[in-house]
Amino acid sequence: MYKVNKILIVDLDDTLIYTSPFKKKLFLKLSQESGLSYSRIKGIYSICKEKDYKDLYYRFSRSIYDVSKMDSKKFGDILFSEIRKLRIKRKVLNYVRNFKGYRLLLTLGDRKIQKAKIDYLEDKIKLYGLFDKVKIISTDKFSYLKSLLKGRSLWFEEKKFNKVFILDDRGSVFEGLRKFSWIKILNP
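These lines cover the structure that appears in this document, whether it is placed above or below. (Residues numbered from 1 in each chain as written. Predicted model: local features only at pLDDT ≥ 70, side-chain atom pairs only at ≥ 80, totals over all residues. Heavy atoms only, no water.)

Relative to the assigned elements, aspartate 168 resides in the loop between strand 7 (163–167) and strand 8 (183–186). Judged by its relative accessible area of 2%, aspartate 168 is buried. There is a polar contact of 2.7 Å between the side chain of aspartate 168 and the side chain of lysine 141. Setting aside anything within four residues of it in sequence, one finds aspartate 168 in contact with Asp11, Thr15, Lys141, Phe174, Leu186, Asn187 and Pro188. (Helix = DSSP H or I, 4+ residues; strand = E, 2+ residues; numbered from the N terminus. Buried < 20%, exposed > 50% of the residue type's maximum accessible area, 1.4 Å probe, protein only. Polar contact = N/O pair within 3.5 Å; in protein donor to acceptor, adjacent residues only side chain to side chain. Contact = heavy atoms within 4.5 Å.)

Take the environment of serine 172 next. Along the chain, serine 172 turns up in the loop between strand 7 and strand 8. With 13 residues separating them along the chain, serine 172 and isoleucine 185 place their C-alpha atoms 8.8 Å apart.

Read across the open sheet, the three strands follow the order 4-5-6; overall the sheet is antiparallel. Two strands bound the open sheet, and with one partner strand each, they are strand 4 (149–150) and strand 6 (159–161). Bridge analysis of strand 4 against strand 5 (residues 153–156) gives two bridges, and the strand direction is antiparallel. Across the sheet, the residue bridging to lysine 150 is serine 153, located in strand 5. (Pairing = 2+ DSSP bridges.)

Turning our attention to the pattern of salt bridges. Opposite charge on two side chains lets them pair, provided their charged atoms get close. A complete count under the given rule lists eleven salt bridges for this structure. Close ionic contact of lysine 85 with glutamate 82 constitutes a salt bridge, the shortest N to O distance being 3.1 Å. Salt bridges linked by common partners bring Asp11, Lys141 and Asp168 together as one network. (Salt bridge = Lys/Arg side-chain N within 4 Å of Asp/Glu carboxyl O.)

Moving on: the sheet that holds strand 2 (residues 102–108). Taken together, the five strands give an open sheet; going across it, the order is 3-2-1-7-8, and neighbouring strands pair in parallel fashion. Across the chains shown, the open sheet's two edge strands, defined by having one partner strand only, are strand 3 (133–137) and strand 8. Averaged over all pairs of adjacent strands, the angle between strand axes in this sheet comes to 20°, irrespective of strand direction. The sheet contact formed by strand 1 (residues 6–10) and strand 2 spans four bridges and is parallel. Across the sheet, the residue bridging to isoleucine 7 is tyrosine 102, located in strand 2. Sheet contacts for helix 5 (residues 90–98): strand 1, strand 2, strand 7 and strand 8; angle to strand 1, the most-contacted strand, approximately 155°. Packed on one face of the sheet, helix 6 (residues 111–125) meets strand 2 and strand 3 and runs near 155° to strand 3. (Axes fitted to C-alpha atoms, helices over the stretch in contact; angles between N-to-C directions.)

The structure is reproduced here in structure tokens:
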């Protein structure tokens, strides 16, 4: 019998942390400070996010400035203050802690924003001690993971994994991977 190498791939937003309530509070605070309506802030965010996640922080900040003159320092102060209030999903955290195998935190998003969330979690729960690797990407996760597949294995950082567990609130994104019996998509 051969040794099965296991990997747990965990998403950050709305999987390990509650991001949806964070966005609502952020948009409300930005609305109050900029004089723009909540729906306008949400709309600006949606438009900025449509392009991709690369430089989302700067595009979002700049777009709000263009219509309200709220400067980027104020924008950053609000954003980073709200990040420090993020709540952790304890059930997911416990699952990660108890997983026997390689643990990868794989998050899609703007590098500056995701790094701030990760730094907050490092302060709060020693995130880097929980995961073997933390990776921020700006392209879709399905394509990224599919590019790591070779035969009946996933290869990541020169390590071969024959058993893959993906924990993500948007499991439907990985539908094309369900055909592989050695890949399991888990709901948080």
